[in-house]
Amino acid sequence: MDFPISGVTISPLFLVIIGFLVGILGGFFGVGGGFIASPMMFWAGVPMNFVVGTDLAHMTGKSIVAARRHRTLGHVDVKLGFFMVVGTIIGVEIGAQIIEVLEDAGNIDQVIGITYIIILVGIGLFTAWESLKAIRLMRGGGAVDQHGDVLAFKDFAKRVQKIHLPPMVSFPNSGIEAISLWVILFVGLITGVLAGMLGVGGGFIRMPMLVYFIGVPTHVAVGTDLFEIVISAGFGTLTHALKGNVDVLMALVMQTGAAIGAQIGAAATSYFSGPRIRLFFAMLPLIGALLVIIRLLGGEMPAF
C-alpha cells in the first residue's frame, strides 16, 4: 500500500500488526510503545521525521483506549497526571525544535538512533536488575502494598520526597503525602523532550521515573502514565502535524490494531504483581535498541 505523504510503500497488515502488538504492550506497561513502533517503522524505511510524527498520532488514540480501561481499575492518579502535563508540554516543543535543527543539519537518523540506543539499554538493564531483586524480596516475605507491589530501590524515592522545595503537593491516590511540585514538573519536562525528539510518549522513561524517582506504585504508575501520554502525545502530534511530519493514513491503519490490543493489555495488569510487570517491561527497551542497531548497521527489513 502506498502512503504518498511519507513517500513509502508498506503492507497495511504489517502496520495493523504493529499497532496491535504495541497496543497490548502499551496497555500492560503504561507506555506509548514508541520504543517498539518507531524502530519498526524506521526499519521498514519510513523517514525518521515521519516516524516521529506518525507514531505520536497513532499513540494518542491507543493511549485514550488504554487509559479509560485503567481508570475503571482505579489505576489512574488524575491529579498527578495533570501536574506532569505542564512540564511535558514545554518539553515536547523543545524536542520538536531539536528535530527540526537535526533535519536541517542532515544527520537526524544517526543522532536520534544513537540517543535511542543509549537510553533504552540503560533503562532496560536497570529495571531488570531491580525487578529481579524485588521478586526475591517478595519470595522472602517482603512487605507488599495494596497493589501487590514491592520495590527494591525505594530509598531514593523517599529522599526525593523529603526535598522541601515549595510548593509541596500531595497525591493520596499514589500514597504520596508530600512532594515538591518542582520534582513533578522536572519529570514531565524530561519525558516531554523525549516525546518531541524521539517520537515516543515518554512512557518508557516516565514509568520507571514515577516508580523509582517519585515513589508511585507500579500499577498506578502504569495507568497515570497512559493518562499523561494522551495529552503529551496529542500535543506532540499537533506540533509535528504543523511541521508536516505526520502521515495521517498510516497512523489510522496502525490505530485499527492498537485499539483492540490496548484493551487486552490494560485488563491483563490485574493478574500480575508490580515487580513482574517491571521485569517484563525491562525486555522491551532492549528489543527496541536492538532494532535500531540493526538499522544503523545497514540491516534491511524483510519485504512485507
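Residues numbered from 1 in each chain as written. Predicted model: local features only at pLDDT ≥ 70, side-chain atom pairs only at ≥ 80, totals over all residues. Heavy atoms only, no water.

Secondary structure assignment for the protein yields 11 helices and 4 strands. The buried share of the protein, reckoned over its 304 residues, is 55%. The long-range share in the protein, meaning contacts at least 24 apart out of those at least 6 apart in sequence, stands at 80%. Summed over all atoms, the accessible surface of the protein reaches about 12,200 Å², with 69% contributed by carbon and sulfur. (Helix = DSSP H or I, 4+ residues; strand = E, 2+ residues; numbered from the N terminus. Buried < 20%, exposed > 50% of the residue type's maximum accessible area, 1.4 Å probe, protein only. Contact = heavy atoms within 4.5 Å. Areas by Shrake-Rupley, 256 points an atom, 1.4 Å probe, with all protein chains shown as cover.)

With that out of the way, let us pick up helix α10 (residues 248–268). With 21 residues, α10 should cover 30 Å at 1.5 Å per step; its first-to-last C-alpha distance of 30 Å lies within 8% of that length. T256 marks where α10 bends most, by close to 35 degrees. Turning to α10, its buried residues are M250, A251, V253, M254, Q255, G257, A258, G261, A262, G265 and A266. (Expected span 1.5 Å × (residues − 1). Bend = angle between axes of the 7 residues up to and from the residue.)

Inspection of the entire model under this criterion finds 10 aromatic pairs. Where F186 meets F213, the ring centres are 6.3 Å apart and the plane angle is 40 degrees; that geometry is what we call tilted. Taken as a pair, F186 in helix α7 (residues 181–198) and F213 in helix α8 (residues 203–214) lie far apart in primary sequence, 27 residues in all. Ring-pair connections join several aromatic residues into one group, and the members of that group are F28, F29, F272, F280 and F281. The positively charged end of K79 is found above the aromatic ring belonging to F171, 5.6 Å away from the centroid. (Phe/Tyr/Trp six-rings, centres within 6.5 Å; stacked < 30°, edge-to-face > 60°. Lys NZ or Arg CZ within 6 Å of the ring centre and 35° of its normal.)

Pairing of strand β3 (residues 168–171) with strand β4 (residues 176–180), which is carried by 3 bridges, proceeds in the antiparallel orientation. In the strand pairing of β4, F171 is matched with I176. Taking the residues that link successive antiparallel strands as the turn, the β3-β4 hairpin has 4 residues, and the phi of G175 there is positive, at about 75 degrees. (Pairing = 2+ DSSP bridges.)

In a soluble, globular protein the nonpolar side chains are often hidden away together inside. In terms of nonpolar packing, the biggest core is built from 66 residues, with I10, L15, V46, I179, I214, V216 and M250 touching the most fellow members. For this core, the element with the highest residue contribution is α8, accounting for 9 residues. (Core = buried A, V, L, I, M, F, W, Y, C linked by side-chain atoms within 4.5 Å.)

Axis separation between helix α3 (residues 48–72) and helix α9 (residues 218–242) bottoms out at 8 Å; the angle between their running directions is 150 degrees. Here α3 is positioned roughly antiparallel relative to α9, judged by the angle of their axes. Remark: the crossing between α3 and α9 carries left-handed chirality. Only V222, G223, L226, F227, I229, V230, A233, G234, G236, T237 and H240 of α9 make contact with α3, whose side of the interface consists of V52, G53, L56, A57, M59, T60, S63, I64, A66, A67 and H70. Residue classes in the contact of α3 with α9 are distributed as 13 nonpolar, 9 polar and no charged. (Axes fitted to C-alpha atoms, helices over the stretch in contact; angles between N-to-C directions. Parallel < 35°, antiparallel > 145°, perpendicular 65-115°, else oblique. Left-handed = near helix turned anticlockwise from the far one by under 90°. Nonpolar A, V, L, I, M, F, W, Y, C, P; charged D, E, K, R; others polar.)

This brings us to the confidence of the model for the protein. The predicted model of the protein averages 81 in pLDDT, with 87% of residues at 70 or higher. Looking across the protein, the model is least confident in strand β1 (residues 2–3), with a mean pLDDT of 68, and most confident in β3, with 93. Contacts for the low-pLDDT stretch residues 300–304, under 50 throughout, to residues beyond four places or in other chains number 7 contacts. (pLDDT = per-residue confidence, 0-100.)

Our next topic: the packing of helix α1 (residues 12–29) against α10. Following both chains from N to C, one finds α1 and α10 inclined at 30 degrees, their axes separated by 6 Å at the closest point. Between α1 and α10, the crossing angle belongs to the class labelled roughly parallel. Crossing handedness for the pair α1 and α10: right-handed. A per-class count over the contact of α1 with α10 returns 16 nonpolar, 7 polar and no charged.

The next point concerns the environment of S273. Mapped onto the secondary structure, S273 falls in the loop between α10 and α11 (274–296). Sequence-wise, S273 and T218 are 55 residues apart; in three dimensions their C-alpha atoms are separated by 8.6 Å.

Now for the pattern of salt bridges. Scanning all chains against the criterion turns up 3 salt bridges. One salt bridge connects E130 with R278, and the closest N-O pair in it is separated by 2.9 Å. One end of the pair, E130, is in helix α5 (residues 108–139); the other, R278, is in helix α11, with 148 residues separating them in the sequence. Salt-bridge contacts for R206 lead to E228; the nearest nitrogen and oxygen are separated by 2.7 Å. (Salt bridge = Lys/Arg side-chain N within 4 Å of Asp/Glu carboxyl O.)

Relative to the elements of secondary structure, I176 occurs in strand β4. Classification of I176 as buried rests on a relative accessible area of 2%. When the C-alpha positions of I176 and V216 are compared, they lie 7.5 Å apart, and in sequence the two are 40 residues distant. For I176, the contacting residues outside a window of four places in its chain are Q161, S170, F171, I214, G215 and V216.

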